[in-house]
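# Report on the structure
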Amino acid sequence: MEATIEVSGLRKRFGATQALDGMSFTVRPGQVTGFVGPNGAGKSTTMRVVLGLDAADEGSALVGGRPYRSLRTPLRHVGALLDAGALQPSRTARDHLLWLARSQGLGAGRTDALLERVGLAAAAKRRAGGFSLGMRQRLGIAAALLGDPPMLMLDEPFNGLDPEGIVWIRGLLRSLAAEGRAVLVSSHLMSELQDTAGHLVVAGRGRVVADTSVADLIEAASGGQVTVRTTAREPAMSALAGAGATVTVTGRDMLTVAGMAAEHVVRLLGDRSVPFSEVSAHRATLEEAYLDLTRDAVDFRGAAR
Amino acid sequence: MRYAVYAEWTKLRTMPGPGWLLAGTVVLTVALSAVAASSVTCASAGCGHDAARIGLQGVQLGQATVALLAVLMVCGEYGTGMIRTSLVAMPRRTAVLAAKAAVLTGLTLAAGTAAVLGSVLAGRLLLPGSGFTPAHGYPPLSPADGPTLRAAAGSVLYLALIALLSLGVATAVRDSAAATGTVLGLLYLLPLAVRMVADEEAQRLLWQLSPASAGLAVQATTDAAVLPLGPWAGLGVLAAWASAALLAGGLLLRRRDA
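In this text, all values refer to a predicted model and were calculated from it rather than measured experimentally.

Before going further, it helps to spend a moment on helix α4 (residues 59-80) of chain B. Given a rise of 1.5 Å per residue, 22 residues ought to cover 32 Å, and the 31 Å separating the end C-alpha atoms of α4(B) matches this to within 8%. Looking one or two residues beyond α4(B), the residue adopting positive phi is B:Gly81, at roughly 90 degrees.

Listed below in structure tokens is the structure:
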């Protein structure tokens, strides 16, 4: 079974709210796909539809080419963390994993190793009801990993984790993707996914606003501008303008170059023996790129009404 | 389905409530049966009492804890949000309900058998002291006696069917308080309400349709002929209620978003 999560044309209405309005994207194996967007963008509803908890009004959601509800032992195909609080509070952490293991025809053997892996070994015999949100997230992640699934869907897994926990989960997500799994991680905070996600699906108001690699997104938001610091402003300007770039003076020894990549600028100035002390591409942060995108989406929707 | 049954069994085994409710079923049933056996008296031959029915009186209390166990199995999950984890792990919802029903039936049959055997034993020991003696036409209560065996086995089945009825209602209603109220109302208030109906014909019909009244007809050993329904027909009415409740619960479970 190919480890791909495919969502196409999902629509779902809750009363007066159109929660999903044509949501479509594909999560591919071998990389972490970030699923981002403001609160209410439809991220959780999409995941609930994929997992068969909610039925879509229109569209389809397939995991490994099959509807989730047709899977006999679904946790061996898809590991999911939706709501860390969705457990019986009087049951111990180990027993929570135990009944889940039984439901997939798995032995009890994996539960202790998993609790160890998520850092809950010492709390294995404690009731999950007394856990902090961070500990419940860890238990939920253990549950998602229980069936050693080729696909993972985690809804806001960073919530409630301390900084050490956030670093841990970033590493975990990267290593799961490196093992060839398809990993979908939702978040409303872009910064959490920096350096973790390779691909991004940006949602707004129930549909996909952008579906792009992180590198492309940052490239686009950076506007391809390069800053040059040089004492020889005039020769530099004529050399760059002669090669087709748009040059503006932004300081006594500063130029901003558009329409030419940084490496090209370095090579050109070197060839002409124009001295320079710095050439740097302006890099937008993921956060800036994301805010640009979602602002446009919201403005567009606002104007359309 | 086998995995789902194993999962449901593991769930029940790893929380404290079900064990207490099952123990409570046995204790309360035997206790009320013992109280009935020692407080109802038979002063002379032909006092007209049904000794087996008195000895099994406790079932009317034991059915409450059995119903609560069924409600706990479903509404406990809705109350905590656990149901979402359950349905993600077991997305075939009919199988989940069937697994819950299978585990619940097994546990109720086991606890019900213990409760009923304890009640028969209590009746055998206590009834003679209340005047239910061979001299008054009452041999000691014994499961070896045909009608008594039917009343006893029927009572065990009665408890299992009450559990299934409650499971169906709980699945349809989802809310713990609403489900408990509905089930206990069906078990205790409906029989009272039926008794208050003035029109005899209508009362007879309602008695035949009421799950608890009709179902308990299976306990009758001496006055079976005068009851509105025969013992097995009465249990059949309860079985129809349980099937209808499970069907309704199952359909709603399949259709609804979780």
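Still to come is the rest of the account.
Mapped onto this numbering, the UniProt entry gives "domain: ABC transporter" (unreviewed entry) at residues 5-230 of chain A. The span residues 5-230 of chain A carries 29% helix and 29% strand; its end-to-end C-alpha distance comes to 50 Å.

So, on to the sheet that holds strand β1 (residues 5-14) of chain A. Residues and elements named next belong to chain A. The strand order β2-β1-β4 describes an open sheet built from three strands, whose pairing is antiparallel. Both outer strands of the open sheet, β2 (17-27) and β4 (58-63), are each paired with one neighbouring strand and no more. Each strand of the sheet is rotated relative to its neighbour by a mean of 20 degrees, with strand direction disregarded. When β1 meets β4, the two strands line up antiparallel, connected through five bridges.

Before going further, it helps to spend a moment on the pairing of strand β5 (residues 78-81) of chain A. Residues and elements named next belong to chain A. The alternating pattern of β5 places Val78 and Ala80 on one face and Gly79 and Leu81 on the opposite face, and all of these are buried. Bridge analysis of β5 against strand β6 (residues 151-155) gives four bridges, and the strand direction is parallel. Bridging from a neighbouring strand, Val78 pairs with Met151 of β6.

This part covers the packing of helix α2 (residues 93-103) of chain A against helix α3 (residues 109-117) of chain A. Residues and elements named next belong to chain A. Remark: α2 packs on α3, axes separated minimally by 9 Å, with the N-to-C direction vectors making an angle of 130 degrees. Between α2 and α3, the angle falls in the class oblique. Seen from above, α2 lies across α3 with right-handed handedness. Residues Ala93, Arg94, Leu97 and Leu98 of α2 pack against Thr111, Asp112, Leu114 and Leu115 of α3.

This brings us to the packing of aromatic side chains. Going through the model one piece at a time under the given rule, you end up with two aromatic pairs over all chains. Aromatic pair B:Phe132 and B:Tyr138: ring centres 4.9 Å apart, planes at 70 degrees, arrangement edge-to-face. The buried category is assigned to B:Phe132, whose relative accessible area is 3%. The ring of A:Trp168 carries the charged tip of A:Arg138 above its face, separated from the ring centre by 4.8 Å. A cation sits over an aromatic face here: B:Lys11 above A:Trp99, 4.5 Å from the ring centre.

In this section: the interface of chain B and chain A. Contacts between chain B and chain A engage 28 residues on the former and 36 residues on the latter. Across the chain B to chain A interface the summed buried area is about 2,600 Å²; carbon plus sulfur atoms make up 55%. The interface formed by chain B and chain A holds two salt bridges in total. A salt bridge links B:Arg84 to A:Asp83; the shortest N-O distance between them is 2.5 Å. Taken together, the links from chain B to chain A amount to 15 residue pairs in polar contact (both at pLDDT 80 or more). Elements that contribute at least two residues to the side of chain B that touches chain A include exactly α1 (2-13), α4 and α5 (82-89) of chain B.

Moving on, we come to a nonpolar patch on the surface. Taken together, B:Leu109, B:Leu157 and B:Trp232 make up a surface patch of nonpolar side chains, about 280 Å² in accessible area. Following the sequence through the fold, B:Leu157 ends up in helix α7 (residues 146-173).

Moving on, we get to the domain arrangement of chain A. For chain A, the assigned domains read domain 1 (5-213) and domain 2 (224-283). Its C-alpha centre places domain 1 of chain A at a distance of 46 Å from the equivalent point of domain 2 of chain A.

Here the focus is the pattern of salt bridges. Residue and element names in this part refer to chain A. Summed over the entire model, instances satisfying the criterion amount to 16 salt bridges over all chains. Residue Arg11 pairs with Glu58 through a salt bridge whose shortest N-O separation is 3.7 Å. Pair noted here: Arg11 is in strand β1 and Glu58 is in strand β4, with a separation of 47 residues, a long-range link. The network of salt bridges with common partners includes Arg11, Asp21, Glu58 and Arg207.

Another aspect to go through is the sheet that holds strand β3 (residues 32-36) of chain A. Each strand in a sheet pairs with another by means of backbone hydrogen bonds, the pair being arranged parallel or else antiparallel. All names here are of chain A. In space, the six strands of this open sheet follow the order β5-β6-β7-β3-β8-β9, with mixed pairing throughout. Strand pairing shows two members of the sheet lacking a second neighbour, β5 and β9 (207-213), which therefore form its edges. Geometrically, the sheet is characterised by an average inter-axis angle of 15 degrees between neighbouring strands, direction not taken into account. Along the sheet, helix α6 (residues 214-222) contacts β8 (199-204) and β9; its crossing angle with β9, the most-contacted strand, is approximately 100 degrees.

The rules behind the values
Residues numbered from 1 in each chain as written. Chains lettered and ligands numbered in written order. Predicted model: local features only at pLDDT ≥ 70, side-chain atom pairs only at ≥ 80, totals over all residues. Heavy atoms only, no water. Helix = DSSP H or I, 4+ residues; strand = E, 2+ residues; numbered from the N terminus. Expected span 1.5 Å × (residues − 1). UniProt positions renumbered as here; feature names shortened; annotations may be inferred. Pairing = 2+ DSSP bridges. Axes fitted to C-alpha atoms, helices over the stretch in contact; angles between N-to-C directions. Buried < 20%, exposed > 50% of the residue type's maximum accessible area, 1.4 Å probe, protein only. Parallel < 35°, antiparallel > 145°, perpendicular 65-115°, else oblique. Left-handed = near helix turned anticlockwise from the far one by under 90°. Contact = heavy atoms within 4.5 Å. Phe/Tyr/Trp six-rings, centres within 6.5 Å; stacked < 30°, edge-to-face > 60°. Lys NZ or Arg CZ within 6 Å of the ring centre and 35° of its normal. Buried area = accessible area lost by both parts, 1.4 Å probe. Salt bridge = Lys/Arg side-chain N within 4 Å of Asp/Glu carboxyl O. Polar contact = N/O pair within 3.5 Å; in protein donor to acceptor, adjacent residues only side chain to side chain. Patch = residues over 30% accessible without salt bridge, like charges linked within 9 Å, V, L, I, M, F, W, Y side chains within 5 Å. Areas by Shrake-Rupley, 256 points an atom, 1.4 Å probe, with all protein chains shown as cover. Domains from an automatic or database assignment.

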